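# Fold and geometry: a report
Chain residues, written in single-letter form:
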Amino acid sequence: MKSRRVKDIEAYRNPLAAEWRQETVEYVKMAATPMAMQPTAYIRNSRANMLHGQVSELQVASVHDGETLALALSWEGVAPPGRDFPDAVAVTFPVRGNPILMLMGSKNDSIHILQWKAGKGVRSLLANGIGLSDKGPELKIASRAEEDGKRWRVVITRVLGQGANVAPVVPGHETKIGFAVWSGINDERAGLKSFSLDWIPFAVDA
Amino acid sequence: MSKKQVAMVMDLNKCIGCHTCSIACKTLWTRREGMKHMWWNTVNTQPGEGSPHGWENMGGGFRDGEPQRGFRPSEADFGTAWDFNHDEVFHGGNEDAFLHANYGEWNSGENWKGPNWDEDLGGGEYPNSYYFYLPRICNHCTHPACLEACPRKAIEKREEDGIVLINEDRCSGYRFCQEACPYKKIYFNETLEVSQKCIFCFPRIDEGVTTACSRQCPGRVRFVGYLDDPDGPIYKLVHEHKVALPLHAEYGTQPNVFYVPPMSSPKMDAEGNPTDESRIPLEYLESLFGPRVKEVLDKIESERQRVASGEESELMDLLISRKWLDMFGPFTKHPRDVVSASPVRIVDPAQTAKVDVVRIMDIRSKS
Ligand code: SF4
Ligand code: SF4
């Protein structure tokens, strides 16, 4: 996957912008998180006979303008209003070391998460293992979302560069990217989600 | 497991259903934003649907040590408080106006099920109708299903006294605890997006003051102390005299609230004469408090007889609790006497997030 350099990011903040139609779309295969990896016996037992993580494909495109990275994320499945848990999507980058995506990193190998939730926008989180995500580093992030009752189209933007716990995303360098989607209709939250299984190489144009 | 365990015994023979306990708790702890539907202490009429409505059928807890699937009660399940037309009656100028609640249609309207909508309905047929009150709080279980379900380890059981607390800073509002707690004693705060529940008045316990619900109870229903303190009232009632039983022990969480089951008036026959049968069906009490109910009721009956015939009974003395403060084990201090020594007191009132703590301490001094 790559992030193409464009002159100005502004128009791309709108998920419905015509500009996005010229960009290459990657079709990321998503799969349900394994039941055995759910962190508590209650979650494993109570969900044993229920399906989760049914979103099997996430469409992703990305551009940047040397200062800001924009990711356009689109998937099928919009929960009707009034559900207990919102539809959500997350983009993950390794901060340092070699974190395992499926384990959500470890003590020394952190994962930086930008999580968007319907109705709430995007926030920065830092994960150091399953169930061990906390408030992440402060950085300039923003999101805009559109849905047509069937499909979500969400643009998440973040400033390029790196910082203490800010995962490095630097023009001219390659990093790795991962994704997760939670379906509100299915009461998904925490580890109940679909995810991209492993890291995907992510090249940021110089 | 914690070193010690605080516990409560409630003597259901003395509960008059006055709700002073619920109000004491509400006043102290659940007046902040997003807490309107919260009654960490509830008092329901049995048999009945309880709060939240139908909680005994909402799953959770353990079977053979395995966590069981449960359901999240909604705010509506806890019951929407009724509003009354006081303005119309008192200031409306219409002398035919009468006081009524806004529950909508009788027996079916959307607000019909207020928090205690089936109060005093009970069971049985006249002249053998019956009911009793069942106050409930979080049981601060020894095997807390809520704690074990949380993927964020946001719930802790205090080492020093076994009080189960939700750390709101860690809570992400996932509500697995609500599903897993078989007593449905966890509430979700929609405004703060965190789960909240009874805290066993830990700031008071820390200062040697008993819980607000127990101290305020005019029925002298509630004993408080350490389960493992042989000199305290809890140990005596639970382990020595063995007259206090857990509610739904089969849920497998080892609750630390125990109940002295209610004695019953005799059933009447067709002529209106008392029979040997008790009006509250034994099977019903056993469905709540387990197979030892009969043994406990027999024991209380025989101790009553002893006292009636002029003998002494430590058990009866305990249950009667002539000396109020004897009910509270080591937690006998007056809130007024500890408030000045409390570290909470020095919180800067300018810190809005902590203002409630200050207010709580002020209220506490009057409780
Ligand atoms: S009663 Fe429910 S909320 Fe309270 S400790 Fe037990 S399982 Fe947890
Ligand atoms: S205050 Fe005491 S008597 Fe009144 S309802 Fe509560 S437990 Fe029962």
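Under an unreviewed UniProt entry, the name given to chain B is Respiratory nitrate reductase beta subunit, and the organism recorded is Pseudomonas borbori. According to the UniProt record, the Subcellular location (unreviewed entry) comment for chain B is "Cell envelope".

In the annotation of an unreviewed UniProt entry, chain A is listed under the name DMSO reductase family type II enzyme, heme b subunit and assigned to Pseudomonas borbori.

## Some thoughts on the overall build of chain A
When helices and strands are counted, chain A shows 1 helix and 14 strands. Computed over the C-alpha atoms, the radius of gyration of chain A is 16 Å, within 12% of the 17 Å expected from 2.2 N^0.38 for a compact globule of 206 residues. Projected onto its principal axes, the C-alpha positions of chain A cover 50 × 40 × 25 Å. Among the 206 residues that make up chain A, the fraction classed as buried is 52%. Sequence separation of at least 24 residues holds for 64% of the intrachain contacts in chain A that already meet a minimum separation of 6. When the accessible surface of chain A is split by element, carbon and sulfur atoms take 50% of a total near 9,400 Å². Separation of charge centres in chain A, based on 25 positive and 22 negative side chains, amounts to 4 Å.

## Comments concerning the site of ligand 2
With respect to spatial proximity, 14 residues lie near ligand 2, and among them B:Cys15, B:Cys18, B:His19, B:Cys21 and B:Cys217 are the closest. Across the shell around ligand 2, the residue classes tally to 9 nonpolar, 4 polar and 1 charged.

## Considerations on the pattern of salt bridges
All told, the structure shown has 26 salt bridges over all chains when counted by the stated rule. The shortest N-O distance in the salt bridge between B:Arg322 and B:Asp317 comes to 3.1 Å. By relative accessible area, which is 38% here, B:Asp317 ends up partly exposed. In the salt-bridge network here, residues are joined through shared partners; they are A:Arg83, A:Asp84, A:Asp187, A:Arg189, B:Arg72, B:Arg175 and B:Glu179.

## Quick notes on the site of ligand 1
Taken together, the residues surrounding ligand 1 are B:Cys138, B:Asn139, B:His140, B:Cys141, B:Pro144, B:Ala145, B:Cys146, B:Val164, B:Cys181, B:Tyr183, B:Ile186 and B:Lys197. Of the residues contributing to the shell around ligand 1, the split by class is 9 nonpolar, 2 polar and 1 charged.

## What to know about the nonpolar core
Ranked by internal contacts, the top residues of the largest apolar core, which has 82 residues, are B:Val9, B:Trp40, B:Leu237 and B:Phe289. In this structure, B:Phe289 is in contact with B:Leu12, B:Leu134, B:Leu245, B:Pro246, B:Leu247, B:Tyr259, B:Pro261 and B:Pro262, ignoring residues within four places of it in sequence.

## Let's talk about the pairing of strand β7 (residues 111–117) of chain A
All names here are of chain A. Burial analysis of β7 places 7 of its 7 residues in the buried class, the great majority of the element. Side chains of β7 alternate between two faces, with Ile-111, Ile-113, Gln-115 and Lys-117 and His-112, Leu-114 and Trp-116 buried alike. Note that strand β6 (residues 88–94) and β7 share 7 bridges and pair antiparallel. Across the sheet, Ala-88 pairs through a bridge with Lys-117, a residue of β7. With 7 bridges connecting them, β7 and strand β8 (residues 121–127) associate as antiparallel partners. Within the sheet, the bridge partner assigned to Ile-113 lies in β8 and is Leu-125.

## Quick look at helix α8 (residues 233–240) of chain B
Residues and elements named next belong to chain B. Residues of α8 that are buried: Pro-233, Ile-234, Lys-236, Leu-237 and Val-238. Its buried side turned inward, α8 meets β1 (6–11), β10 (222–226), β12 (257–260) and α11 (314–320). Note on α8: the residue one or two positions beyond its end, Lys-242, has a positive phi of about 55°.

## Observations concerning the packing of aromatic side chains
Counted under the stated rule, the structure contains 16 aromatic pairs over all chains. With a centroid separation of 5.0 Å and an interplanar angle of 85°, the aromatic rings of A:Tyr12 and A:Trp20 are classed as edge-to-face. A ring pair is formed by B:Tyr259 and B:Phe289, whose centres lie 5.6 Å apart and whose planes are at 45°; its orientation type is tilted. With B:Tyr259 in strand β12 and B:Phe289 in helix α9 (residues 282–289), the pair connects residues that are 30 residues apart, well separated along the chain. We note that B:Tyr259, like B:Phe289, is buried. Among the aromatic side chains, those forming a connected cluster through ring pairs are A:Trp75, A:Trp116 and A:Trp152. Positioned above the aromatic ring of B:Phe176, the side-chain terminus of A:Arg189 is 3.8 Å from the ring centre. If you follow B:Lys4 out to its NZ or CZ, it ends over the ring of B:Tyr226, 4.1 Å from the centre.

## Regarding the interface of chain B and chain A
Counting residues at the interface gives 19 residues for chain B, matched by 18 residues for chain A. Carbon and sulfur atoms make up 49% of the area that chain B and chain A hide from each other, which totals about 1,700 Å². One can count 7 salt bridges joining chain B with chain A. Applying the counting rule to chain B against chain A returns 13 residue pairs in polar contact (both at pLDDT 80 or more). Within the residue set of the side of chain B that touches chain A, elements represented by two or more residues are β4 (66–67), α4 (145–149) and α5 (176–180) of chain B. Take the side of chain B that touches chain A: its biggest share by element is 3 residues, from α5(B). The class makeup of the residues in the side of chain B that touches chain A is 7 nonpolar, 3 polar and 9 charged.

## Thoughts on unusual backbone geometry
A cis amide bond links B:Gln46 to the next residue, B:Pro47, at an omega of -10°. A cis amide bond links B:Tyr126 to the next residue, B:Pro127, at an omega of 5°. For B:Pro127, the position within the fold is in the loop between α3 (86–91) and β5 (132–136). A positive phi angle, close to 55°, is found at A:Asp187, a residue other than glycine. Its place among the elements puts A:Asp187 in the loop between β12 (174–182) and β13 (194–195). For A:Asp187, a relative accessible area of 14% puts it in the buried group. Positive phi outside glycine occurs at B:His140, with the angle close to 40°. Note on placement: B:His140 falls in the loop between β5 and α4.

Procedures and definitions
Residues numbered from 1 in each chain as written. Chains lettered and ligands numbered in written order. Predicted model: local features only at pLDDT ≥ 70, side-chain atom pairs only at ≥ 80, totals over all residues. Heavy atoms only, no water. UniProt positions renumbered as here; feature names shortened; annotations may be inferred. Helix = DSSP H or I, 4+ residues; strand = E, 2+ residues; numbered from the N terminus. Rg over C-alpha atoms; globule rule 2.2 N^0.38 Å. Buried < 20%, exposed > 50% of the residue type's maximum accessible area, 1.4 Å probe, protein only. Contact = heavy atoms within 4.5 Å. Areas by Shrake-Rupley, 256 points an atom, 1.4 Å probe, with all protein chains shown as cover. Lys, Arg positive; Asp, Glu negative; His and termini not counted. Charge placed at Lys NZ, Arg CZ, Asp CG, Glu CD. Near = heavy atom within 4 Å. Nonpolar A, V, L, I, M, F, W, Y, C, P; charged D, E, K, R; others polar. Salt bridge = Lys/Arg side-chain N within 4 Å of Asp/Glu carboxyl O. Core = buried A, V, L, I, M, F, W, Y, C linked by side-chain atoms within 4.5 Å. Pairing = 2+ DSSP bridges. Phe/Tyr/Trp six-rings, centres within 6.5 Å; stacked < 30°, edge-to-face > 60°. Lys NZ or Arg CZ within 6 Å of the ring centre and 35° of its normal. Buried area = accessible area lost by both parts, 1.4 Å probe. Polar contact = N/O pair within 3.5 Å; in protein donor to acceptor, adjacent residues only side chain to side chain.

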